[in-house]
Amino acid sequence: MKAHLMFRDRDLDLTAQPAAGAEDLVQDLSLESIFAAMSGGDPYLRDVAQRVLLGGLEETAAIRYRQSILADCIAQPEIVRRMYAIAVSAIEGERHVWGFTLRHPEGVLHRAVEVLGIFRDHLRELRGIADAHVGRFQSEGFRVFFTMLEGELDDAYLARIAEHLNRLRFRKNSLLMSARLGRSNKGTQYRIRKPLNVRLTLRERVECWAKQLVGGETSTFVYELDDRDEAGFQALQELRDRGIAPVASALAASTAHILDFFKMLRAELAFHIGCLNLRERLTAKHEPVCFPDTVSNEECLVDARGLYDLSLTLNMEGRAIGNELTAERQRLVMITGANRGGKTTFLRSIGLAQLLMQCGAFVPAERYRAGVCSALFTHFRREEDVAMRSGKLDEELSRMSAIVDRLREGAMVLLNESFASTNEREGSEIARQIVGALLERGMKVIYVTHLYDLAESFYRVSPVSAVFLRAERLADGRRTFKVVEGEPLSTSFGADVYRRVFKSEGAHFE
Amino acid sequence: MRCSILFDAPDERLLTERQESPECFRDLNLDQIAAAVTAGREPYDLLPIFHLPLTSAEAVRYRHQVFQDFENPAVFACIASFSERMRGVRAALAETGKLYCELQKQREHLDTIGEYCESVNALTRALTLSQLNSSGLMRLRQYLSEYTVSMEFGSLAAETDALQGDLAAIAYEVRIDGKRIEVSRYGGEPDYAAEVLETFAKFKQGAVDPREFAFRNRSAMNHIEEAIVDRVARVFPEIFSTLARYCEHYREFLDPVVAEFEREAQFYLAWLEYLRPLERAGLRVCYPEVSAGARSSRCFDTFDLALAHRLLAERGAVVVNDFELRMPERIMVVSGANQGGKSTFARLIGQTYYLAGIGCRVAGREAALPLVDQVLTHFEREEHVETLSGKLEESLGRMRRLFERATPSSLLIMNESFDSTTVRDALFLNREVLRRVTERDMLCVCVTFLDELASLSEKTVSYVATVNAKDSATRTYRVVRRPAEGLAYAMAIAEKYGLTYERVRERLSQ
């Protein structure tokens, strides 16, 4: 039994280690606030959201599969939340069945029978939902899921389980087993045989004794334990256990599997519940969201309208500023311009939208179309680096080198003020060589920089193979926090910021 | 009949085997190698074989032939499996001695003999089908083919087989009812476990491990098991009386020649198993051409075996090196970069000569070496000597004792000898020692930071530990034959991280 509400052909893997470099994404794209919004305060939802966001899909078909399931969830939020609650309750119920002497098959068997009773009730409830609401769901994922429930858990089967559960509640009764002589003449291959619960009648017992007294032709030999023979009774229990072990182990495996099914259902719904939570936050403040149009890697880099920084809007009162970007066949976007002009926010909004798109979620934009990437990497200048001047370029380069180690064709690399820790000449030269090689090897690069030498050299070589953007600054020097197309300008606007910050002191500037 | 696969002339071994290892073992890491090779084979007491250098090129070739036969995968597999099984036979005999239940002992003894017969038969069959070229193994095959058709072995095997069949066919039934146990022939009742298993089979799929119950498998029986097997024996009396007579008759059964072969085979198995992971990692090993009194030496693509094993375990790369002494050279002087692999180079030379002298395959693509009678090592020790003069005295004392034992067929390895004194003293002392080496016409490796030693005479040849030409900080661990030098190199920082245009393209092309 599989839920398959995340992938068409496999389970969601909650044990997978996050890909190397995932911490960089979390930090650079401020993912914490998104995890928090999706969790709605539930640490489990947060954990699943984090894993799914950082483990994006690579195929458009897989993305569409998940998008359509999420669309169903958005259309039927109450039903989906109820199914989630059933899964949680089944898991909690199992946890509260006390298991004592779990090393012994009879103990294990007893517990498994209890747990299966609980699971049967929850499975029946799930069946009820499937029967009542299957018609309201459109997505392939949900339809297959509901059909599976109906097929696997029909009434006859649920009844057969009930019968076995009743029969297996035997304890300390007469037990009949067959066996063979194994290694060193010890008994082996113990099998329980029917009849299970039949006690010998008094008469049968007398007959047995009689046979034994006559001897010779009888083939039944009896041993009887002394009442005080504690070690003997222990050995006897072990013998019973050997017979019961296969049944106990089968039932324990069944409970484990059904538990896994509920855990998987919970995990796979958790992502969708997280998306519902996030969407409710955004619609409450009238931020637009849309399902992205996902195309192949070569077809498009990104074409967006009203694209805003998701983590920014989650951390502020009003709405975030939306931007546009059209880069179809180009594989390089270079953003220059005013400091504090919204360049980093813009870069982050692209990264976040790409990340959300690649895990099958909606994106923070009015309209969004983008090519799927094999992976997403960020190389942002780090605040803490400022403190330690020495070895800073070393640190940047070693981080970059680690990224190169993990790059595969079709990956997207977001660079934010990278290699600016040395002088402009050197920084530009290093960046030029790296970016040139990345593009040649099929990567997409979005680069925020104030290295004019760098931006200008790419512009000069071929202004059409890349998109050049600038953080907008009005004639009066004010920033709009919009990013617009335009060739690189030779000055950044640090002086502006300086002027504003030091205004009260009437500081000098050129 | 005697047939040894270690020694052509059996008297040779009487001279030699000794428990304590030669003095050079520790310095050359031969102790680690021998320990790793013999690990898990302690009962065979193999170390003495490693402690005993061979005294003729013919004795070396005798082992090479046997090694070559062992390299045939079919031969290796059949001998390895024979040895594995014989180990089981010995262990079982030891275990049986500890048991007290007679019915259990008898069965153990029967099965152990069964295993012995099968192992010997399997080995004989396999060797008969194999193409053998070594006189050692051909002699053994001859012996086995006579032994296995002997009257004595034939009846042992036949009786064992018949009894095992009878015991395996016994099927009985145990009914447990309270404190009462009844034992009888199995009467054909249906299997209830199978029925339960089938009902719950659909929940068994997936990743859930079936619960395995650990039953304590004491080798001894408890009194309940004893009581049961005693009653089983009464249900089937004929079979068990035959078993008792059989055990009485075949108390001793191991053939002494077979047992000795099993031990000697360990030497070959162990060594080939030790080399295998290295070969799998792409390193080369070879049969050295060994001749007494050769005036030149060469070995290409060789490496330190102990270090290579450690590096492979840590997934590090193993660097290979060449060494060569052309007429009239007798002394290799190794100088160059600190931590550049000089000691390792000296060690691997010592290992190669020593191991070639006990008939082993050695590290390297190709090797031709004279047979040395002993490898003498002079490594600086960090031992309990307080003062510098005390230390020098201790060091010189050791050197003198080495010269007392040295012959023209000896190899002396000096590793930074006297380097803790002043340069002037070190130069003087090393020159003196090398002069004596030359006088006695010994072979020598001298690791030193004193460049001058490299060009003392036509008998010396210089080897240099190199650094990366583009990055002096990177050690290559390559030691090459060239005049001593002392260069340092500088390189660009991006190159260091592999982030130039060329390097990034290259890295992304894989």
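For the structure, see preceding data.
Quick summary incoming for the structure in this document. (Residues numbered from 1 in each chain as written. Chains lettered and ligands numbered in written order. Predicted model: local features only at pLDDT ≥ 70, side-chain atom pairs only at ≥ 80, totals over all residues.)

Focus: the sheet that holds strand β11 (residues 444–448) of chain A
Residue and element names in this part refer to chain A.
So, point 1. The six strands are arranged β9-β10-β11-β7-β12-β13 in an open sheet whose pairing can be described as mixed. Whereas interior strands pair on both sides, the edge strands pair on one side only; in this sheet they are β9 (376–380) and β13 (479–485). The average undirected angle you get between the axes of adjacent strands in this sheet is 15 degrees.
So, point 2. Where β9 lies against strand β10 (residues 412–416), five bridges are found, and the strand directions are parallel. Counterpart to L376 in the pairing with β10 is M412.
So, point 3. With respect to the sheet, helix α15 (residues 452–461) is in contact with β7 (332–337) and β12 (466–473), its orientation differing from that of β7 by roughly 130 degrees. (Pairing = 2+ DSSP bridges. Helix = DSSP H or I, 4+ residues; strand = E, 2+ residues; numbered from the N terminus. Axes fitted to C-alpha atoms, helices over the stretch in contact; angles between N-to-C directions. Contact = placed C-beta atoms within 7 Å.)

Here we look at the interface of chain B and chain A
So, point 1. Taken together, the contacts link 63 residues of chain B with 69 residues of chain A.
So, point 2. Broken down by element, the residue count for the side of chain B that touches chain A peaks at ten residues, all from helix α11 (residues 223–235) of chain B.
So, point 3. The sheet contact formed by strand β3 (residues 221–224) of chain A and strand β2 (residues 180–185) of chain B spans four bridges and is antiparallel. Directly across from E224 of chain A, in β2 of chain B, lies its bridge partner R180 of chain B.

Regarding unusual backbone geometry
All names here are of chain B.
So, point 1. Cis geometry marks the peptide bond from M327 to P328; its omega dihedral reads 0 degrees.
So, point 2. Turning to its location among the elements, P328 is positioned in the loop between β6 (321–325) and β7 (331–336).
So, point 3. A positive phi is found at N29, a non-glycine position, where the angle reads about 60 degrees.
So, point 4. The residue N29 is located in the loop between α2 (24–27) and α3 (30–38) in this model.
So, point 5. Even without being a glycine, R315 presents a positive backbone phi close to 60 degrees.

Quick notes on the environment of G40 of chain A
Residue and element names in this part refer to chain A.
So, point 1. Along the chain, G40 falls in the loop between α2 (31–39) and α3 (43–54).
So, point 2. Spatially, the C-alpha atoms of G40 and R281 are 9.6 Å apart, while their sequence positions differ by 241 residues.
So, point 3. Setting aside anything within four residues of it in sequence, one finds G40 in contact with L45 and N277.

Side note on the pairing of strand β12 (residues 443–447) of chain B
Residues and elements named next belong to chain B.
So, point 1. Burial analysis of β12 places five of its five residues in the buried class, which makes it a mostly covered element.
So, point 2. On β12, burial covers both faces: L443, V445 and V447 on one face and C444 and C446 on the other are all buried.
So, point 3. In the sheet, β7 pairs with β12 via four bridges, with the strands oriented parallel. Bridge pairing links V333 to C446 in β12.
So, point 4. Judged from the five bridges that link them, strand β11 (residues 410–415) and β12 form a sheet pairing that is parallel. Across the sheet, the residue bridging to L412 is C444, located in β12. (Buried ≥ 20, exposed ≤ 12 C-beta atoms within 10 Å, placed from the backbone.)

A short note on the sheet that holds strand β5 (residues 302–307) of chain A
Each strand in a sheet pairs with another by means of backbone hydrogen bonds, the pair being arranged parallel or else antiparallel.
Residue and element names in this part refer to chain A.
So, point 1. In space, the four strands of this open sheet follow the order β4-β8-β5-β6, with mixed pairing throughout. Lying at the two open borders of the sheet, with one neighbouring strand each, are β4 (293–295) and β6 (323–327). Recorded for the sheet is a direction-independent mean angle of 15 degrees between the axes of neighbouring strands.
So, point 2. The pairing of β5 with β6 spans four bridges and is antiparallel. When the bridges of β6 are listed, V302 appears paired with A327.
So, point 3. Here helix α12 (residues 343–358) sits on the sheet in contact with β4, β5, β6 and β8 (367–371), set at roughly 110 degrees to β5.

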